[in-house]
Amino acid sequence: MSAEPDLSSAVPPPPNRTLRGEDAPLPLRENNNVDPWANLDPFNTGGACGDVTATAAAPAASRAGANVVAALNFNAKRVPFSPFNEETDGKLGSVYTYLTETLLARGDWDRKPALRNKATGEMKLPSSYGLLLGTAQGKGVPWGRLGYGVWPPPLVNYQRGFDMLTRKGKMAVTLEQAKEQCGPTSWPEGMPEGLTTGAAIPGSKEDVWELAPASFIFHPSKGEANPLEALRSAYASRAAACVDAEGVSHPEKNRWILKPSEGAKGEGIFIETELSAIEAHLTKQEEKVAEGEAVSSWVVQQYIHNPLLLKEGNRKFDMRCWVLVDASYGIHLYRHGVLRVASASYDPSNITDRFSHLTNHCIATEHEEYGKYEPTNEKFYPSFDAELAERFPERAKAAAGVPLFGGGSEEETAATSSGSVMETVVLPQIRRMVVQSLLAARERLEADGEYYRPFQLYGYDFLLDDDLRVWLCEINASPAVADELLPGLVDALIRTAIDPVFAPNEELLAKEGGKEAYEAAAAKVGSGERFECICPCKVEPK
């Protein structure tokens, strides 16, 4: 496996940048006697973060040598490391709230408030800071002037333009454009050779860009410019392929799932079998636009008719993987992952039963059998890998000597008659799809200047079919993390994305009592609590 990317030289020389549009400095105010920041709304609130009347909790006085984090909407009055409550703990989210608390507890980071002018919406950041943490979907990040007057360039936890992958419709367009640019059998520049062969590409090598099922994007405002004829052709081709050797048609294999591009948490998603019903829905969206209503674009995607189902309860699931892109555009996959499991048994005869067909956690919690098999309808890699070994013994036998997470001594692994199906069959496909998609969007995601250094944690959702082929479902910009995995993931994120840029201050760690805890939490070989570098991305983009 490739070594972790070296960020020690990531700090660029003082920038010489041509300003464009919103990147230009804010104009000087005419009335210099008026304090433009007199009407401030603290983002670092001490109570319920939605209360604009709350007073910002004063952070501790800066210590010499300490780095500074500015965390928007951080609730300083919550009990550190307590369970995160979205209603009371604000929109910073569980990952970055826990991350802020971890940095402060270490002793070599201080926090300074970020303030917003309620009248103008302008942000006032600290005069110096090393890390800016924006809220969900990057809200609150002042991209146009981020990092001006700050040296070295600060880290920020979102990449500008991330919606090229995290909006369902835009993800499909991004991948299609990359396919057109590279060709159906060629890889994007910088693709590691080890991810282009073997188990990483179980499908046809005639189209290496078939990461997701066939998808068509419909913009209600575009009318005849939408790909309706292409959808009709794909539907007809699929219908023909669903006729068996005896001439019997199987329409249940030709289903399509419709998703609003800007939807979240399963909202608005439904499944259709009849082409006429799909066209009727799309026509209705165009009519809404004609009446002046704001309507989302829609993704019409072929439905995977043969999902792998869990043995217990015969239930459908998807796989949530966490992916970190660091400041040098190195791509890292968190070794642990989780299966998000539907609450109801899979019923292919009833396409309207969302508890059977959709695996979103917020939907599963509404069903009466939520928690029947797993406490939170979440199954983790070790137990799933054991189930795969039981159900696919030949694949497990072929994986002999390969343990999950790469742990165990040579003697221990050599003595086993079976190995990890996850490591040898499933994860190679996931690594390839993650890297391929992020390289496809690299030109839009990398910082276009040197004033700030972005990193981002993405949530990749995959579906596994009954032949163990992995399919990309969607990518999330602000992914939630299972409570059980949160501490380990945050520690690994800090070590991978933050510490290589702002090295830990050993003197302060020792002085503040954080050194022992820091060393005890060191990333471990053979552990799932670490990020694996799957693409260092040393190649400069064209």
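Residues numbered from 1 in each chain as written. Predicted model: local features only at pLDDT ≥ 70, side-chain atom pairs only at ≥ 80, totals over all residues. Heavy atoms only, no water.

S.K.: Mind showing me how you'd approach the sheet that holds strand β3 (residues 109–111) here?
M.R.: What links the strands of a sheet is backbone hydrogen bonding, and the strands pair in either a parallel or an antiparallel sense. Taken in spatial order, the five strands make up an open sheet running β3-β2-β6-β7-β16, and their pairing is parallel. Looking at which strands have only one partner, the edges of the open sheet turn out to be β3 and β16 (453–454). Alignment of strand β2 (residues 67–71) against strand β6 (residues 131–133), held across three bridges, turns out to be parallel. For Ala 70, the partnering residue across the bridge sits in β6 and is Leu 132. Contacts between helix α2 (residues 93–106) and the sheet are confined to β2, β3 and β6, with β3 contributing the most and set at about 125 degrees to the helix. (Pairing = 2+ DSSP bridges. Helix = DSSP H or I, 4+ residues; strand = E, 2+ residues; numbered from the N terminus. Contact = heavy atoms within 4.5 Å. Axes fitted to C-alpha atoms, helices over the stretch in contact; angles between N-to-C directions.)

S.K.: How should the sheet that holds strand β11 (residues 298–302) be read in this particular structure?
M.R.: Read from one edge to the other, the open sheet built from four strands follows the order β8-β11-β9-β10, with strand pairing classed as antiparallel. Each of the sheet's edge strands pairs with one partner strand only, and the pair in question is β8 (215–218) and β10 (270–272). On average, each strand axis in the sheet is tilted by 25 degrees relative to the strand beside it, whichever way the strands run. In this structure, strand β9 (residues 256–260) lies alongside β11, joined through five bridges in antiparallel fashion. Bridge pairing in β11 places Leu 258 opposite Val 300. Against the sheet, helix α4 (residues 168–182) touches β8, β9 and β11, its axis set at about 120 degrees to β8. The strands that helix α5 (residues 228–241) touches are β8, β9 and β11; relative to β8, the one it contacts most, it runs at about 155 degrees.

S.K.: Is there a simple way to explain the packing of aromatic side chains in this structure?
M.R.: Each aromatic ring pair is characterised by the separation of its centres together with the angle its planes make. Applying the stated rule across the entire model yields ten aromatic pairs. An angle of 65 degrees between the planes, with centres 6.1 Å apart, marks the rings of Phe 270 and Trp 298 as edge-to-face. Of this pair, Phe 270 sits in strand β10 while Trp 298 sits in strand β11, and the two are 28 residues apart along the sequence. Residue Phe 270 is classed as partly exposed on the basis of its relative accessible area of 24%. (Phe/Tyr/Trp six-rings, centres within 6.5 Å; stacked < 30°, edge-to-face > 60°. Buried < 20%, exposed > 50% of the residue type's maximum accessible area, 1.4 Å probe, protein only.)

S.K.: What is the right way to read the pattern of salt bridges from this model?
M.R.: As a working rule, side chains carrying opposite charge can pair if their charged atoms are close by. This structure, assessed with the given rule, holds 26 salt bridges. Linking Arg 315 and Glu 374 is a salt bridge whose minimum nitrogen-to-oxygen distance equals 2.7 Å. Here Arg 315 is found in the loop between β11 and β12 (317–325), whereas its partner Glu 374 is found in the loop between α8 (361–364) and β15 (378–380), with 59 residues between them in sequence. The same class applies to Arg 315 as to Glu 374, namely buried. One salt bridge in this structure joins Asp 461 and Arg 340, with 3.0 Å as the shortest N-O distance. (Salt bridge = Lys/Arg side-chain N within 4 Å of Asp/Glu carboxyl O.)

S.K.: Would you take a moment to explain a negative patch on the surface for this structure?
M.R.: Among the surface-exposed residues, Glu 224, Glu 286, Glu 287, Glu 291 and Glu 293 lie close enough to one another that they form a single negatively charged patch. Along the chain, Glu 293 falls in the loop between α6 (275–290) and β11. (Patch = residues over 30% accessible without salt bridge, like charges linked within 9 Å, V, L, I, M, F, W, Y side chains within 5 Å. Areas by Shrake-Rupley, 256 points an atom, 1.4 Å probe, with all protein chains shown as cover. Lys, Arg positive; Asp, Glu negative; His and termini not counted. Charge placed at Lys NZ, Arg CZ, Asp CG, Glu CD.)

S.K.: Mind showing me how you'd approach the side chain of Ser 297 here?
M.R.: Inspection of the secondary structure puts Ser 297 in the loop between α6 and β11. Among residues more than four places away in sequence, those in contact with Ser 297 are Phe 218, His 219, Pro 220, Lys 259, Pro 260 and Ser 261.

S.K.: What is the right way to look at the nonpolar core in this model?
M.R.: Soluble globular proteins tend to bury their nonpolar side chains together. The biggest cluster of nonpolar side chains holds 70 residues, and the ones touching the most others in it are Ile 430, Leu 438, Tyr 460 and Phe 462. Those residues within four positions of Leu 438 in sequence are excluded, and the remaining contacts are Leu 165, Val 323, Val 325, Tyr 329, Ile 331, Leu 445, Tyr 458 and Tyr 460. Judged by nonpolar contacts, the second largest core, of 34 residues, contains Val 95, Trp 109, Leu 493 and Val 501. (Core = buried A, V, L, I, M, F, W, Y, C linked by side-chain atoms within 4.5 Å.)

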